[in-house]
Amino acid sequence: MILDLDIGNTLSKWRLKDADSSEIRSRGAVWTREEWRPGADIPDLDVVEAVRISSVARAAVLEETVALLRRQVRQVYVARSTPEALGVVNGYEEPGRLGVDRWMGALAGYQLAGGCCAVDCGSAITIDFVLPGGVHLGGFIVPGLRLMKESLKLGTRNVAIDPESESDALLEPGRRTVDAVNHGIYMAAVSAINRIYSEVCDQQGVALPVMLTGGDARVVSRGVQVPHAVWPDMVYGGLEASFPLTFAERAGKMSGAPRVPEPVSLEKIRAGLAFSMLL
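The protein chain carries the name Type III pantothenate kinase in an unreviewed UniProt entry, which gives Vreelandella alkaliphila as its organism. As recorded by UniProt, the Sequence similarities (unreviewed entry) comment attached to the protein chain reads in full: "Belongs to the type III pantothenate kinase family." The heading Function (unreviewed entry) in the UniProt record of the protein chain holds the text "Catalyzes the phosphorylation of pantothenate (Pan), the first step in CoA biosynthesis."

> Which parts of the structure should I look at to understand the sheet that holds strand β5 (residues 75–78)?
Spatially, the five strands line up as an open sheet ordered β3-β2-β1-β4-β5, and their pairing is mixed. Across the chains shown, the open sheet's two edge strands, defined by having one partner strand only, are β3 (24–31) and β5. Each strand axis lies, on average, 15 degrees off the axis of its neighbour in the sheet, ignoring direction. Here strand β1 (residues 2–7) pairs with strand β4 (residues 50–55) via six bridges, running parallel. Bridge pairing in β4 links Asp4 to Arg52.

> Is there a simple way to explain the UniProt feature "binding site: substrate" (unreviewed entry) in the protein chain in this structure?
Per the UniProt record, "binding site: substrate" (unreviewed entry) is found at Tyr92, Gly99, Val100, Asp101, Arg102 and Thr177. In three dimensions, the annotated residues from a span of 86 residues occupy distinct locations, with a maximal C-alpha spread of 40.1 Å. From the list above, the largest cavity is lined by Asp101 and Arg102. Take Val100: it is sitting in helix α2 (residues 100–113). Look at Val100 and you get buried, because its relative accessible area is 7%. Not counting chain neighbours up to four residues away, the residues in contact with Val100 comprise Ser54, Ser55, Val56, Ala79, Arg80 and Ser81. If near-sequence neighbours (up to four positions away) are discounted, Asp101 is found in contact with Ser54, Val56, Asp120 and Val235.

> Is there a simple way to think about the UniProt feature "binding site: ATP" (unreviewed entry) in the protein chain in this case?
Mapped onto the present numbering, the UniProt feature "binding site: ATP" (unreviewed entry) falls on Asp6, Ile7, Gly8, Asn9, Thr10, Leu11, Ser12, Lys13 and Ser123. Spanning 118 residues, the annotated positions come together in the fold, the maximum distance between their C-alpha atoms being 13.9 Å. Turning to its location among the elements, Ile7 is positioned in strand β1. Mapped onto the elements, Gly8 comes out in the loop between β1 and β2 (11–17). Taking relative accessible area as the criterion, Gly8 reaches 15% and is therefore assigned buried.

> Got a minute to help me understand the nonpolar core in this structure?
Soluble globular proteins: nonpolar side chains tend toward being buried together. Core analysis: the largest hydrophobic core is formed by 31 residues, its most contacted members being Val119, Ile127, Phe129, Tyr197, Leu212 and Val220. If you list the elements that add at least two residues to this core, you get β8 (116–121), β9 (124–130), α3 (145–152), α5 (177–204), β11 (210–213), α6 (217–220) and α9 (266–278). Looking at this core, the element that brings in the most residues is α5, giving nine residues. Those residues in contact with Leu212, other than ones at most four positions away along the chain, are Val119, Cys121, Ala217, Val220, Ser221, Val224, His228, Ala229, Val230 and Trp231. Formed by 17 residues, the second largest nonpolar core is a distinct cluster that contains Leu5, Val51, Leu62 and Val73.

Scoring rules and cut-offs
Residues numbered from 1 in each chain as written. Predicted model: local features only at pLDDT ≥ 70, side-chain atom pairs only at ≥ 80, totals over all residues. Heavy atoms only, no water. UniProt positions renumbered as here; feature names shortened; annotations may be inferred. Pairing = 2+ DSSP bridges. Helix = DSSP H or I, 4+ residues; strand = E, 2+ residues; numbered from the N terminus. Axes fitted to C-alpha atoms, helices over the stretch in contact; angles between N-to-C directions. 1 Å grid on protein atoms, 1.4 Å probe; cavity = no way out; pocket = protein on both sides within 12 Å on 5 of 7 lines; lining within 4 Å. Buried < 20%, exposed > 50% of the residue type's maximum accessible area, 1.4 Å probe, protein only. Contact = heavy atoms within 4.5 Å. Core = buried A, V, L, I, M, F, W, Y, C linked by side-chain atoms within 4.5 Å.

This is the structure we're talking about:
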């Protein structure tokens, strides 16, 4: 079995993948903590022959996790943000400072679509752009839904937005404080994504497919105005592309990869952007 780990600041997500069939056998998540120890909520390392890790947690957390795993697993691969990989040139002035989850998403999106806008809807919402030639432009970071809600300190932090909510309802004025907060932060998040996407496509003269991932991708996707795909395993896809271990991975296949959405024309993007500027 192959254990893939996506260690975030809040949650550590994992999945077990069959090394022979490339099938996903199980998955889960635990709170990121000082020590990552196998237990009831974490897979048994006795069945694991290789581990691939993407981590944005503190260096000490990653170091202790790697030390633990290397005592029990033969192969441990740790992803790093590098100046170039898999045909993509890192757009950061200091490439190592780009969050490795963003780098994995950019690499996965490029392998799948040959250029993309990769949006990760987690504690923060990150928006990264990779041009068809493999140039990573850098990106944008805005507060995520939960972070925005907590910042308001209105006693609504534990009342989440229903993922089944229709975007039209979420964009209406709230008639209770909790609704006003939820609708306000939703409007802020999706408006930022829509505007940033249009501005960058206009500047670069290219319409890019949009890929969304992260815990809030499902609800955020309802307000994204351009064709897009939700890819929960996008960071894992970057790990697969960076450290291919199965026959399917070596052939370029990433588990759970969606169909690439056909973007709208650049002319339509520019027309929408011009209209929004008149409002």
